Amino acid sequence: MKFEQMDEDLRQIHEASMEILATTGMKFHHPEIIELLQHKGVKVCGQTAFFTRGQIAEWVSKAPSTFTLYARNPVYDIVVGGDNVECCPGSGSPAISESDGSKRPATLTDYINFVKLYHQSPHHKLNGGFVVSPESLSGKDSISVMLYAALLYSDKGIVAGTGSAAEVQALIDILGIVFGREELLQKPRAITITNTNTPLQFDKNMLETMMVFIKHGQPVIIAAASMAGTTAPVTLAGTIALTNAEVLAGIAVAQMLRAGTPVVYGSQSTTADMKTGSIATGSPEGALCYEYAARLSKAYGLPCRGGGSLTDATSLSVQSGYESMLTHLATHRAGTNLIFQSAGIMDGYLTMSYEKFIVDLEIIGMVKRYLGGVKVNSGTLAVDVIHKVGIAGEFLTNEHTMQHCRKEPFIPDVSLRGNVIGDPSAKLLARIRNKRDRMLESYQQPELSQEVKQRLVDYLVGIGFDKKYIEALDDM
């Protein structure tokens, strides 16, 4: 691992993480992983592994600093790592939040609608996964249906779900039908998130997801979601050290499974609300956790994941706006390579909102413009233009303004400016809904050959799904 980028704070956090792994250890709920750890010389007592700093350094250093994730449409291929920042879809919400704050269970139609919206978004090159968790797809193999729907309605890079070994193998089979089983090893096509069970555990499903993905050459995100004050120390330094220990242990295991496998250092850690015990996703503490995760991952030479446009607000509101702006700006500014939950998420991950999705696109555009900075050169300084216009002149009709007016200022899609006649809130909501409707109405389904589509239908029928139900997905 690299240490030259570590300041004193990071170094202290790193040392604390090493002590945690050496003295408290990390529990792995899978016999094959325990056997692997023992084979690699890691001290194991029961299901708990105790890592030396040398072992962590050795195995984490085998992970690549960057890798390419290939989309069905090469326009959406992305490099994960370095200075590249990509916005990623929401994940896991079981419900939809309406603009009035009411909630309803998410449906398969909602899942497909959000896949279409992410496909339409100019800020997203990844799609799929648990964009929402439809109520009708709570059973076994539901992740296969969601992957099939994502492949039908988008040709962007793929985020896939997690599950048991059999369920995740089905995802690999589906990817093999579309891209070719052998090609998957050469050109990774899907990425998934394997979460630790804080504090200091990895459950069986997450480990099996990791094992199957790595066996077939697909990258995994190793992520922790500690809550300061409940599942982690209330002090942020302790929470970050615990998160770091869990993620590094997971990355070490991933490299033991297959050295050189692409992995991403992930953190969704934040604080708990000390009044209620609930998660506080839109908090400044969460923003700080995402920032430190990015700094640590870059010091280790690893790609990173975190953050999003996060809020604890239960409806589209002032609160949802300022919290989402804070968390997205902090994450983007830290250079987080994969920003999940970047559009539509709210209510502490519990719901997705169509209206907030559109607002978050506006936030992403504003953040990108802000971080783009000021271009300073003879053309932008415009001294000759200022001289020509002179004292008490105007620049609106100047040719220089015509040349730069569409690329220098941020042009909002839904924000209100200037004189507004009538109820501003109603007008803003109308603009948000109009943009949502335009995006869905202008959506065009990407091509997927009929031969491949039929093979996918036959496969899903073979693992137990009704043929009419699967074929109906193509008409939603």
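Before reading further, recall that the structure is shown in the block above.
Every value quoted in this text rests on a predicted model; they were computed, and no experiment measured them.

A. Spotlight on a nonpolar patch on the surface. Together, V374, V376, L381 and V383 make up a nonpolar patch on the protein surface, roughly 420 Å² of accessible area in all. Of note, V376 is situated in the loop between α12 (354-372) and α13 (378-381).

B. Summary view of the sheet that holds strand β3 (residues 48-50). Here four strands make up an open sheet; going across it, the order is β2-β3-β1-β12 and the pairing mixed. The strands lining the two open edges of the sheet, one partner per strand, are β2 (43-45) and β12 (201-202). Both β2 and β3 contribute to a ladder of three bridges, which runs antiparallel. When the sheet's bridge partners are listed, V44 is paired in β3 with A49. The strands touched by helix α9 (residues 236-257) within the sheet are β1 (26-28) and β12, with β1 carrying the most contacts at an inclination of about 45°.

C. Main features of the environment of T243. Mapped onto the elements, T243 comes out in helix α9. Along the primary structure T243 and L200 are separated by 43 residues, whereas in three dimensions their C-alpha atoms are 8.6 Å apart. The contact partners of T243, leaving out residues within four places of it in the chain, are A224, S226, S267 and S269. Within polar-contact distance, the side chain of T243 engages the side chain of S269 at 2.7 Å.

D. Representation of the packing of α12 against helix α16 (residues 424-441). Between α12 and α16, whose axes approach to 9 Å, the crossing angle comes to 90°. Taken together, the axes of α12 and α16 are roughly perpendicular relative to one another. Contacts between α12 and α16 involve Y354, E355, F357, I358, V359 and L361 on the former and, on the latter, L429, I432, R433, K435, R436 and M439. Looking at the contact of α12 with α16, its residues break down into eight nonpolar, no polar and four charged.

E. The arrangement of the packing of α9 against helix α10 (residues 284-300) in detail. Here α9 crosses α10 at 45°, and the two axes come no closer than 10 Å. As far as their axial angle goes, α10 and α9 are oblique. For the element pair α9 and α10, the recorded crossing hand is right-handed. Here L236, T239, I240, N244 and L248 of α9 come into contact with α10, specifically with E285, L288, C289, Y292, L296 and Y300. In terms of residue class, the contact of α9 with α10 is made up of eight nonpolar, two polar and one charged.

What counts, and at which threshold
- Residues numbered from 1 in each chain as written.
- Predicted model: local features only at pLDDT ≥ 70, side-chain atom pairs only at ≥ 80, totals over all residues.
- Heavy atoms only, no water.
- Patch = residues over 30% accessible without salt bridge, like charges linked within 9 Å, V, L, I, M, F, W, Y side chains within 5 Å.
- Areas by Shrake-Rupley, 256 points an atom, 1.4 Å probe, with all protein chains shown as cover.
- Salt bridge = Lys/Arg side-chain N within 4 Å of Asp/Glu carboxyl O.
- Helix = DSSP H or I, 4+ residues; strand = E, 2+ residues; numbered from the N terminus.
- Pairing = 2+ DSSP bridges.
- Contact = heavy atoms within 4.5 Å.
- Axes fitted to C-alpha atoms, helices over the stretch in contact; angles between N-to-C directions.
- Polar contact = N/O pair within 3.5 Å; in protein donor to acceptor, adjacent residues only side chain to side chain.
- Parallel < 35°, antiparallel > 145°, perpendicular 65-115°, else oblique.
- Nonpolar A, V, L, I, M, F, W, Y, C, P; charged D, E, K, R; others polar.
- Left-handed = near helix turned anticlockwise from the far one by under 90°.

None of this, on its own, says anything about what the molecule does.
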